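# Notes for the structure review
Residues per chain are reported as follows:
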Amino acid sequence: MQIANASVEIRTASRTAIVNVTAEARTALSRARINRGLAVLTVPHTTCGLCVNEDEPGLRRDLERLAATLIDLVKPQEGFHHDRVDDNARAHLTAVLLGHSLTLPVLDSALSLGTWQSLFLVEIDGPRQRRLDMVFLGD
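Here goes a summary of the coordinates provided. (Residues numbered from 1 in each chain as written. Predicted model: local features only at pLDDT ≥ 70, side-chain atom pairs only at ≥ 80, totals over all residues. Heavy atoms only, no water.)

Another aspect to go through is the sheet that holds strand β3 (residues 37-42). The strands that make up a sheet pair up through hydrogen bonds in the backbone, lying either parallel or antiparallel. The antiparallel open sheet is built from five strands, whose spatial order is β1-β8-β3-β5-β6. On the outer flanks of this sheet lie β1 (2-11) and β6 (110-111), each paired with one strand and no other. In this structure, β3 lies alongside strand β5 (residues 101-107), joined through six bridges in antiparallel fashion. Bridge pairing in β5 links Val40 to Thr103. Sheet contacts for helix α1 (residues 22-32): β1, β3, β5, β6 and β8 (129-138); angle to β8, the most-contacted strand, approximately 40°. (Pairing = 2+ DSSP bridges. Helix = DSSP H or I, 4+ residues; strand = E, 2+ residues; numbered from the N terminus. Contact = heavy atoms within 4.5 Å. Axes fitted to C-alpha atoms, helices over the stretch in contact; angles between N-to-C directions.)

In structure tokens, the structure reads:
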């Protein structure tokens with residue numbers, strides 16, 4: 001079994017952003033020369049997340065809105081405790097729901113994604129410099 005690592009820097013341009021990282025993951029996988037196995041993608045940050053979804057402009061706007069407002073549904077009247085520290089509790093709590101990693105099968109040297117599936121970094125506390133780490137395991 002082979003193990004290969006890769007990282008890419010992602011610069012986000014706004015407070016909330018949806019960044020398609022599929023091409024970066026595919027490029028890293030091709031360099032890893034893994035034919036069959038697993039791809040594990042992670043972001044080492046607590047105010048952004050990863051997800052799989054369709055790359056359609058309207059859906060991207062919907063995802064941005066979801067990321068910006070989802071946690072407001074449970075916001076206490078007195079506000080979030082963490083906002084007293086640095087006013088980004090919404091980003092931390094939303095990232096908990098999104099998750100910071102994805103694990104995908106690799107088949108025939110390709111990420112096993114459905115026809116409409118893409119990989120997204122979801123920024124919730126930007127603009128920032130982010131890092132996408134990838135580990136590829138297989139033969």
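A few words on the side chain of Asp125. With respect to the helices and strands, the residue Asp125 is situated in the loop between β7 (117-123) and β8. Classification of Asp125 as buried rests on a relative accessible area of 4%. Of note is the side chain of Asp125, whose polar atom sits 3.0 Å from the side chain of Arg15. Setting aside anything within four residues of it in sequence, one finds Asp125 in contact with Arg15, Thr47, Asn88, Ala91 and Arg130. (Buried < 20%, exposed > 50% of the residue type's maximum accessible area, 1.4 Å probe, protein only. Polar contact = N/O pair within 3.5 Å; in protein donor to acceptor, adjacent residues only side chain to side chain.)

This brings us to the pairing of β8. Note: β1 against β8, 10 bridges, orientation antiparallel. Among the inter-strand pairings, Arg11 is bridged to a residue of β8, identified as Gln129. The pairing of β3 with β8 spans six bridges and is classified as antiparallel. Bridge pairing in β8 places Gly37 opposite Gly138.

Shape is all these values report; function is a separate question.
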